[in-house]
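Letter by letter, the chains look like this.
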Amino acid sequence: METTTEKESRYNNLEQMSLIQILENINKEDQTVPQAVAMALPQIEKLAAVTAERMKNGGRLFYIGAGTSGRLGVVDASECPPTFGVPFDQVVGIIAGGDIAIRKAVEFAEDNAQQAWIDLSAYNITDKDVLVGIAASGTTPYVIGGLKKANEHNIATGCIVCNSGSPVAAAAQYPVEVVTGPEFLTGSTRMKAGTAQKLVLNMLTTSVMINIGRVKGNRMVDMQLTNNKLVDRGTKMVMAETGLNEETAADMLKKYGSVRKAVENYQQKQVDSQ
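Residues numbered from 1 in each chain as written. Predicted model: local features only at pLDDT ≥ 70, side-chain atom pairs only at ≥ 80, totals over all residues. Heavy atoms only, no water.

S.K.: When you look at the environment of Thr205 in this model, what are you seeing that I'm missing?
M.R.: Position of Thr205 among the secondary structure elements: in helix H8 (residues 192–211). Thr205 sits in the buried class, given a relative accessible area of 4%. With 128 residues separating them along the chain, Thr205 and Ala77 place their C-alpha atoms 8.7 Å apart. A polar contact is formed between the side chain of Thr205 and the side chain of Asp76, at a distance of 3.2 Å. Among the polar contacts listed, one links the side chain of Thr205 to the backbone oxygen of Leu201, at a separation of 2.9 Å. (Helix = DSSP H or I, 4+ residues; strand = E, 2+ residues; numbered from the N terminus. Buried < 20%, exposed > 50% of the residue type's maximum accessible area, 1.4 Å probe, protein only. Polar contact = N/O pair within 3.5 Å; in protein donor to acceptor, adjacent residues only side chain to side chain.)

S.K.: I would appreciate a short explanation of the sheet that holds strand S3 (residues 130–135) in the present structure.
M.R.: Strand pairing in a sheet takes place through backbone hydrogen bonds and is either antiparallel or parallel in direction. Taken in spatial order, the five strands line up as S2-S1-S3-S4-S5 in an open sheet, and their pairing is parallel. In the strand order of this sheet, the two ends are held by strand S2 (91–95) and strand S5 (174–177), each with one partner. Going from strand to strand, the sheet's axes swing by 15° on average, the running direction of each strand aside. Sheet contacts for helix H4 (residues 67–84): strand S1 (61–65), S2 and S3; angle to S2, the most-contacted strand, approximately 155°. Most of the contacts of H8 go to S1, to which it runs at about 170°, and overall it touches S1, S2, S3, strand S4 (156–161) and S5. (Pairing = 2+ DSSP bridges. Axes fitted to C-alpha atoms, helices over the stretch in contact; angles between N-to-C directions. Contact = heavy atoms within 4.5 Å.)

S.K.: I keep staring at the packing of helix H10 (residues 246–256) against helix H11 (residues 259–272) and nothing clicks. Help me out?
M.R.: Helix-helix packing: each pair is described by the crossing angle between the helix axes and the interaxial distance. Between H10 and H11, whose axes approach to 8 Å, the crossing angle comes to 110°. Relative to H11, H10 is oriented roughly perpendicular. Judged by the twist between their axes, the crossing of H10 over H11 is right-handed. Between H10 and H11, the residues in contact are Met252, Leu253, Lys255 and Tyr256 and Val259, Lys261, Ala262, Asn265, Tyr266 and Lys269, respectively. Partitioned by chemical class, the residues of the contact of H10 with H11 number six nonpolar, one polar and three charged. (Parallel < 35°, antiparallel > 145°, perpendicular 65-115°, else oblique. Left-handed = near helix turned anticlockwise from the far one by under 90°. Nonpolar A, V, L, I, M, F, W, Y, C, P; charged D, E, K, R; others polar.)

S.K.: Can you walk me through the state of the cysteines in this structure?
M.R.: The tally for this structure, following the rule as stated, stands at zero disulfides. This cysteine, Cys80, is not joined by any disulfide, and Cys159 carries the nearest cysteine sulfur, 19 Å off. Residue classification places Cys80 among the buried positions, given a relative accessible area of 2%. Free of any disulfide, Cys162 has its nearest neighbouring cysteine sulfur in Cys159, separated by 9.9 Å. (Disulfide = S-S within 2.5 Å.)

S.K.: What am I meant to see in the packing of aromatic side chains here?
M.R.: Each aromatic ring pair is summarised here by two numbers: the centre-to-centre distance and the angle between the ring planes. Taken as a whole and assessed by the stated rule, the structure comprises two aromatic pairs. On the numbers, 5.9 Å between centres and 70° between planes, the contact of Phe62 with Tyr123 is edge-to-face. A residue pair is termed long-range when its members are at least 10 positions apart, and Phe62 in strand S1 and Tyr123 in the loop between helix H5 (115–121) and S3 qualify at 61 residues. Since its relative accessible area comes to 38%, Tyr123 is described here as partly exposed. (Phe/Tyr/Trp six-rings, centres within 6.5 Å; stacked < 30°, edge-to-face > 60°.)

S.K.: Could you clarify how one ought to interpret the pattern of salt bridges in this entry?
M.R.: A side chain of one charge can pair with a side chain of the opposite charge when the charged atoms of the two come close. On inspection of all chains with the given rule, the structure shows nine salt bridges. With its nearest N and O atoms 2.9 Å apart, the salt bridge here joins Glu29 to Arg10. You can see Glu29 sitting in helix H1 (residues 19–30) and its partner Arg10 sitting in the segment before H1, a full 19 residues away along the chain. Assessed through its relative accessible area of 54%, Arg10 is described here as exposed. Shared partners join several salt bridges into a network, and the residues in it are Arg10, Glu29 and Lys192. (Salt bridge = Lys/Arg side-chain N within 4 Å of Asp/Glu carboxyl O.)

This is how it looks when you write it as structure tokens:
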């Protein structure tokens, strides 16, 4: 295994650069990330397909990771209920060291190979579910241990890593390897590697949610109406789908609680009146 994420930066004497030079060089490196993600699209498709299949049959999606990787999983999982209206336990993000590690690093939490399965067992994970391990280096013991135990329990396993041929990828049935190369700041995988992981997570859950029917046209018709901005957006969606004026559309949205239900009830009333 070649850990390109740990290789020496292509740049040196960073402290001697001007601010604009630093920013330009970071940006230059960042532009390589979407290309690396594109190379992994066939792998991402396989992981998305099995995830959608399991979810259609009542399964859940779990993420495990440590540090930045774990935080990214928690972020993606947290955004699925408000965006797509799924239950809060349908996409679950677990970070090594527990929720306190979201804000403050927990020393050596990622080195415990047994803890991930203990954490997953608290959610009663079963063979209906999918487990995705997130690890930039592809060597995190917490993630490797969790994937191996999941395999023993016939749970579909995937991963998102940024080196090729890693132990994490070897432990996953559906590995996604996005090789991002050396970081601008040597070894700082919160940069390009973290960006790549975020892009893949966006693609995974968005494609799965579309596939299982949580999107209509190009709209988030099941989004949770948790603030005024989203209520306004939902009202405009109802107006676009029904032709109702703003006041009536807002009343329908408030009554039925989601764009989908408001539109479906309106359409049913139109059928009944004919």
